[in-house]
Amino acid sequence: MARIYGTIESLKSLKSELEGKGISRFSSVKEIKDFLANYKSEKQSILDDTSAQLDAEYFKTCKSIELKNKKKTEINNFNEESISNKTNEIQRKIDVIKNKKGENLFKKIVSSIKLYYLKKESHRFQKKTTELANSALKNISRSIEKDEVFIKAYETEKPSLIEKRAKPKTEKLEYTLSVIENSRNLISGAIGENLVVKEIKKLSDDYVLINDFNLNFSRPIFYKKHNQRIYSIQIDHLLISKAGIFIIETKNWSKSSVESMSLRSPIEQIERANFALYIYISENITLNGHHWGEQQIPIRNLIVMINNKPKGVFKYVKVKLLNEMNDYIKYFEPVLTENQVNRITNILN
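Computed from a predicted model, the values in this text were never measured in an experiment.

Caption draft 1: The arrangement of the overall build of the protein in detail. Helix and strand counts for the protein stand at eight helices and six strands. Ordered by position from the N terminus, the helices and strands of the protein form the series β-α-α-α-α-β-β-β-α-α-β-β-α-α. Against the globule reference of 20 Å for 349 residues, the protein gives a C-alpha radius of gyration of 42 Å, more extended than a compact globule. When its C-alpha atoms are laid out on the principal axes, the protein stretches across 145 × 45 × 40 Å. Expressed as a percentage of its 349 residues, the buried residues of the protein come to 37%. Excluding contacts between residues fewer than 6 apart, the proportion of contacts in the protein whose partners are at least 24 apart in sequence is 74%. Just so you have it, the protein exposes about 22000 Å², and 50% of that area is on carbon and sulfur atoms. Distance from the positive charge centre (60 side chains) to the negative charge centre (44 side chains) of the protein: 7 Å.

Caption draft 2: Seen up close, unusual backbone geometry. Positive phi outside glycine occurs at Asn-227, with the angle close to 50°. Even without a glycine there, the phi angle at Tyr-316 is positive, about 65°. Summarising the element assignment, Tyr-316 is placed in the loop between strand 5 (299–305) and strand 6 (317–321). We classify Tyr-316 as exposed; its relative accessible area is 62%.

Caption draft 3: Structural context of the sheet that holds strand 4 (residues 244–251). Across the sheet, six strands lie side by side as 1-2-3-4-5-6; this open sheet has mixed pairing. Looking along the sheet, the strands with just one partner apiece sit at the ends: strand 1 (3–5) and strand 6. Mean inter-strand twist for the sheet, computed between neighbouring axes without regard to direction, equals 40°. Relative to strand 3 (residues 228–241), helix 6 (residues 266–284) is tilted by about 85°, and along the sheet it contacts strand 2 (208–223), strand 3, strand 4, strand 5 and strand 6.

Caption draft 4: Region of the structure containing the environment of Lys-68. Along the chain, Lys-68 falls in helix 2 (residues 29–98). Sequence-wise, Lys-68 and Leu-137 are 69 residues apart; in three dimensions their C-alpha atoms are separated by 9.4 Å. Polar contacts involving the side chain of Lys-68 include one to the side chain of Ser-143, which spans 2.4 Å.

Caption draft 5: Just helix 6, in detail. In a regular helix each residue adds 1.5 Å, so 19 residues correspond to 27 Å; helix 6 covers 27 Å between its end C-alpha atoms and thus fits that length. Within helix 6, the full set of buried residues consists of Pro-266, Ile-267, Ile-270, Glu-271, Ala-273, Asn-274, Ala-276, Leu-277 and Ile-281. Where helix 6 is buried, its residues touch strand 2, strand 3, strand 4, strand 5 and strand 6.

Caption draft 6: Here's a closer look at the environment of Gly-192. For Gly-192, the location among the structural elements is in helix 4 (residues 184–200). Take Gly-192: its relative accessible area is 0%, and that puts it in the buried class. For the pair Gly-192 and Ile-210, spaced 18 residues apart in sequence, the C-alpha to C-alpha distance is 16 Å. Sequence-distant contacts of Gly-192, defined by excluding residues within four places in its chain, comprise Thr-250, Asn-252 and Ile-306.

Quick notes on the rules
- Residues numbered from 1 in each chain as written.
- Predicted model: local features only at pLDDT ≥ 70, side-chain atom pairs only at ≥ 80, totals over all residues.
- Heavy atoms only, no water.
- Helix = DSSP H or I, 4+ residues; strand = E, 2+ residues; numbered from the N terminus.
- Rg over C-alpha atoms; globule rule 2.2 N^0.38 Å.
- Buried < 20%, exposed > 50% of the residue type's maximum accessible area, 1.4 Å probe, protein only.
- Contact = heavy atoms within 4.5 Å.
- Areas by Shrake-Rupley, 256 points an atom, 1.4 Å probe, with all protein chains shown as cover.
- Lys, Arg positive; Asp, Glu negative; His and termini not counted.
- Charge placed at Lys NZ, Arg CZ, Asp CG, Glu CD.
- Pairing = 2+ DSSP bridges.
- Axes fitted to C-alpha atoms, helices over the stretch in contact; angles between N-to-C directions.
- Polar contact = N/O pair within 3.5 Å; in protein donor to acceptor, adjacent residues only side chain to side chain.
- Expected span 1.5 Å × (residues − 1).

As structure tokens, this is what we get:
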């Protein structure tokens, strides 16, 4: 299998675009394609999960109301029993005091005071116990009312309740789809470049692929053909082999795009990259592997069209469909040694 270095440029741009808009769920082109294919089923899954959660909450709430009503009965019974016990206890004390006979005046006064405070204690206990019970019952009743509101909504407007509950997730899903739809060009490019990488992986390990190859020049190169200065170049794929170097640009264009006069031709782009790379290699890489002298490194221009390609034949640049690419690459005879390929790779990678 060919040796692969780097991440394809359009995928990096796509990830940056998505992350800049708060979307980080995708780590590959395949995941994006799967998302587009499964969008409707994923949305339905969110609604189904929300419905199931509502069902579970409904049955739990019904059970909760039953338990809360039982708790109210228990509180009422406990309150009545507690008041009754305390009242009986105090009444026994009162009866004891009242049944005493032959007391002198002082003792009668003391007994009267005791009776006053016992009656007051009985009244205070009843009031406090009742207040505590009523407070607890009030809290439980509020909770039951809240539960009953949910049950009524569930039983009468379940679809709208599902939609409301699921809204944060479905809105996030719809937003993700919107961003993806607006990034179609980047996705198309990433898909195309990814397919090229998959094809090149089928080649032997004599081949080395550098994805998203970049060169920057501190002193710009003058490109006489187009009367311009080159400060940097970016190449989709740089394939290094014993047959030389292939500059590969990938275009995943529709038939109408291929025939459109408004889209910029990739021919000029790849020729410009070839010129700059040739100058860089001439200045930075020397091969002395041949006894006749310094060897030249062949640099070939290849535009790979994923599905559609123009009918014309072009100077200095080969245009091939994806399924033609590997046969074209393997057509050329080796002129470099394995050590030379590794040396070039180490310098350019």
